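# Descriptive structure summary
One letter stands for each residue in the lines below.
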Amino acid sequence: MVRAGAFWWDGGNFFGVVPKTLWGKFQKTDELNRIEVGFNCFVVENGDHRVLIETGLGVRHDERAKERMSLPNPPLIREVVSAHGFEPETIDTVINTHLHWDHVGGNTVDEGWRVVASMPNARYLAQRGELEHGREQHPRDGISYRPVNYDPLLETGQMHLLDGDAEVLPGLRLEVVPGHNRHMMTVTVRSGGKTWCHLADLVQFASSVTPTWVSGFDLFPLEAIDNKARILTQAAREGWWLSFGHDPVVSFAQVETKDGKWRTINNLT
Ligand SMILES: [Zn+2]
């Protein structure tokens, strides 16, 4: 896990219709009712390949946005991965679970007047339907899609568009799971009899594993609830390790359900 910084954002946004009296038991808020939100990225390797999942928020934010997010100096993903011992040149695949700015903001970097791939030797994977939706610039979520994060990669042929589920490497699978939006992908890795699933924005925090606790950002909350219940039920039964799109503390956890209640167990920071 390589966490590319954290920012502060309105807590109610992330818990939708759940009242603060409930989610506030799990999330600390500041004086502006904001909670801490991590940018969770991951490196997966198998000896032959090194894969980066998500690239965080990037550095292209004006001063007002940085102040609003309480994030004076957003980190460069190139520096974050290299601080963890992974040189950007050695990453051969980048997975974009979806194209919201907070997941792909580090896809590209400015080099003089050029915009280039932050992982120069990688192919970037994203869903074609997600790109098409981003280009529609719908008033509800158009602001989340910034062409600078993907157009330069499409122009050079570095971004490959997927049409549905895909096996990227043996044991590493991308699955389209509608809910947060139409084409968001989860990433599941199976190795040595164990399963890890990065839930991205289907479950943004360890505290939001209850299937009905869906985010206010979700475009399709009923599908999010159904897909969370389905995936988390399997995860609980089979002892999967899980990770969450934005938990600023919990990197990995398992999940259990008892008497209709859900919670994470064995939380690893
Ligand atoms: Zn997100």
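Whatever comes next refers back to the structure up there.
Attention here is on the structure that accompanies the text.

What counts, and at which threshold
Residues numbered from 1 in each chain as written. Predicted model: local features only at pLDDT ≥ 70, side-chain atom pairs only at ≥ 80, totals over all residues. Helix = DSSP H or I, 4+ residues; strand = E, 2+ residues; numbered from the N terminus. Rg over C-alpha atoms; globule rule 2.2 N^0.38 Å. Buried ≥ 20, exposed ≤ 12 C-beta atoms within 10 Å, placed from the backbone. Pairing = 2+ DSSP bridges. Expected span 1.5 Å × (residues − 1). Arc of directions from axis to C-beta. Contact = placed C-beta atoms within 7 Å.

## Observations concerning the overall build of the protein
Along the protein, the regular secondary structure elements total eight helices and 15 strands. Taking 18 Å as the expected radius of gyration for a compact globule of 269 residues, we find that the protein reaches 18 Å, a close match to that expectation. Residues classed as buried in the protein amount to 42% of the 269 residues present.

## Here we look at the pairing of strand S11 (residues 185-191)
Where strand S10 (residues 172-176) meets S11, five bridges bridge the pair, whose relative direction is antiparallel. By the bridge assignment for S11, Leu 172 is matched with Val 189. Direction of pairing for S11 relative to strand S12 (residues 194-198): antiparallel, over a ladder of five bridges. The residue bridging Val 189 from the neighbouring strand is Trp 196, located in S12. Where S11 folds back on S12, the antiparallel hairpin that results is connected by two residues, among which Gly 192 adopts a positive phi of roughly 55°.

## With respect to helix H8 (residues 221-238)
The first and last C-alpha atoms of H8 sit 25 Å apart over 18 residues, in line with the 26 Å expected at 1.5 Å per residue. Those residues of H8 that fall on the buried side of the exposure criterion are Ala 224, Asn 227, Lys 228, Ile 231, Leu 232 and Ala 235. Down the axis of H8, the buried set is contained in an arc of 120°. They therefore lie on one face. Looking at H8, the residues exposed on the side facing more than 90 degrees away from the buried face are Leu 222, Arg 230, Gln 234 and Arg 237. Where H8 ends, the next residue or the one after it, Gly 239, has phi of about 70°, a positive value.

## Quick look at unusual backbone geometry
Located in the positive-phi region is Ala 200, a residue other than glycine, with phi close to 50°. With respect to the helices and strands, Ala 200 occurs in the loop between S12 and H8. Phi at Asp 259 is positive, roughly 50°, even though this residue is not glycine. The topology assignment puts Asp 259 in the loop between strand S14 (252-258) and strand S15 (261-268). Its 4 C-beta neighbours within 10 Å are what place Asp 259 among the exposed residues.

## Quick look at helix H6 (residues 128-136)
Among the residues of H6, those classed as buried are Glu 130, Leu 131, His 133 and Gly 134. With its buried residues spanning 160° around the axis, H6 presents them on a single face. Exposed side chains of H6 directed beyond 90 degrees from the buried face belong to Glu 132 and Glu 136. Those residues of H6 that are buried are in contact with strand S7 (123-127) and strand S8 (159-162).

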